[in-house]
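Below, each chain spelled out in residue letters.
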Amino acid sequence: MRKFYAPASIGNFCVGFDSLGASLAPIDGQLLGDVVYIEQANDDRFECIGEYAHKLPTDPKENLAFQCLTHFRAQVKSDMPSVSLTLEKKLPVGSGLGSSACSVVATFAALNAFAGTELSQSQMIELMADFEAKVSGARHYDNITPCYLGGLQLTAELVPDRALALPVDPNWYIVVAYPGFALNTSKARSVLPATLTLSESVEFAQRMSSFCTLLQLNRFDEAVVLMQDNVAEPSRSPLIEGFKEAKLSLPELGASVVSISGAGPTLFALCDSLEIAQKCQNWLKSNYLNEQGFSHICKIDSMGTRELV
Ligand SMILES: Nc1ncnc2c1ncn2[C@@H]1O[C@H](COP(=O)(O)OP(=O)(O)O)[C@@H](O)[C@H]1O
Ligand SMILES: N[C@@H](CCOP(=O)(O)O)C(=O)O
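These figures come from a predicted structure and were not determined experimentally.

K.L.:
Where do I start with the site of ligand 2 in this structure?
P.N.:
Of all residues adjacent to ligand 2, which total 15 residues, the nearest are Gly11, Gly96, Thr185, Gly262 and Ala263. Taken together, the residues of the shell around ligand 2 break down into three nonpolar, nine polar and three charged. Domain assignment of the residues forming the shell around ligand 2 places at least three in each of domain 1 (2-166 + 303-308) and domain 2 (173-299).

K.L.:
How do you make sense of the nonpolar core when you look at a structure like this?
P.N.:
A general trend in soluble globular proteins is that nonpolar side chains are found buried together. Membership of the largest hydrophobic core comes to 84 residues, with the highest contact counts inside it found for Val105, Ala106, Phe108, Met128, Val175 and Ala269. Among the elements that make up this core, the one with the highest residue count is helix H2 (residues 99-115) (ten residues). Taken together, domain 1 (2-166 + 303-308) and domain 2 (173-299) each give at least three residues to this core, which thus spans both.

K.L.:
Whenever I open this one, the pairing of strand E9 (residues 173-178) confuses me. Can you help?
P.N.:
A regular strand places its side chains so that they alternate between the two faces of the sheet. Along E9, six of the six residues are buried, which leaves the element largely enclosed by surrounding structure. Judged from the five bridges that link them, E9 and strand E11 (residues 267-271) form a sheet pairing that is antiparallel. Each bridged residue has a counterpart across the sheet, and for Val175 the counterpart in E11 is Ala269. For E9 and strand E12 (residues 294-300), the ladder comprises five bridges, and the chain directions are antiparallel. Looking at E12, one finds that Tyr178 is bridged to Phe294.

Here is what the cut-offs are and how they apply
- Residues numbered from 1 in each chain as written.
- Chains lettered and ligands numbered in written order.
- Predicted model: local features only at pLDDT ≥ 70, side-chain atom pairs only at ≥ 80, totals over all residues.
- Near = placed C-beta within 6 Å.
- Nonpolar A, V, L, I, M, F, W, Y, C, P; charged D, E, K, R; others polar.
- Domains from an automatic or database assignment.
- Core = buried A, V, L, I, M, F, W, Y, C linked by C-beta atoms within 7 Å.
- Buried ≥ 20, exposed ≤ 12 C-beta atoms within 10 Å, placed from the backbone.
- Helix = DSSP H or I, 4+ residues; strand = E, 2+ residues; numbered from the N terminus.
- Pairing = 2+ DSSP bridges.

Limitation: the analysis is restricted to geometry and does not speak to function.
The structure is reproduced here in structure tokens:
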């Protein structure tokens with residue numbers, strides 16, 4: 001039996017709507033992401049287990065991981081031996097932590113390794129993005145590529161090889177807080193503005209390009225100052241109970257940035273020390289999470305999807 005783990009990610013990373021994404025590694029070593037188990041069997045079998053399995057459709061045909069298996073057999077390797085594939089669904093659905101991407105990326109990574117197909121990185125990314133597009137209402141790579149490759153990625157169709165890794169400040173701590181209720185990505189996309197004005201578009205381009213360039217120059221503090229989301233956050237924040245209060249309170253505790261992770265409702269706070277991150281996490285535990293919620297203090301994961309041994 002082989003096991004593949006795909007980590008959670010923060011889509012948009014505040015300043016790069018649909019174009020920046022960061023992979024997450026909790027500092028306590030917990031696995032925050034989905035795991036796929038694969039082994040040869042007499043016929044193709046699929047099972048979904050784990051804490052959030054009950055939140056997914058019971059019909060395997062509606063599970064993205066099973067759809068990836070069917071697609072891989074039909075389109076990539078028809079003579080692959082039969083497999084038993086198990087998805088351990090460890091991430092909540094509709095969380096803003098790239099949950100659907102995790103299942104898709106872990107499954108394709110497992111199938112590619114099991115079948116020995118050695119698809120190129122670009123082929124893998126395109127396969128994965130096809131499935132992400134099916135559920136989220138748009139083709140965006142900002143969960144897929146950080147989840148697959150790790151790190152903070154500038155990622156889009158226009159980006160060479162679909163992804164360019166950016167340097168990150170080794171001092172950054174990222175507190176993620178999932179409040180305990182779901183927000184469907186396609187719903188959170190339906191409230192986005194249909195168009196931006198010329199000045200809004202220019203500001204977005206200036207912020208994202210300067211942010212990426214400053215990271216390349218290791219001028220991290222100046223990069224962080226540019227982190228403001230004028231594209232998605234204004235229309236999405238009313239959908240997320242408690243977000244506005246957190247956005248006001250966490251900077252008083254020292255957070256450098258507070259923004260929505262992906263389409264929400266998970267929130268992330270970027271902090272430049274562990275002490276500040278702990279204070280922010282305590283506030284979030286008392287004020288943002290319901291009984292189903294959770295929070296982790298993370299670093300940016302540098303490994304992406306990997307086989308667990
Ligand atoms: N393995 C899976 N993981 C996550 N979502 C899945 C999976 N299989 C099917 N789905 C469906 O895909 C949709 C994912 O919703 P979405 O809001 O895009 O989640 P997320 O933002 O957490 O990726 C849901 O309707 C869910 O039922
Ligand atoms: N760029 C996308 C990111 C969606 O991330 P998810 O984790 O909520 O699926 C968006 O903002 O819609």
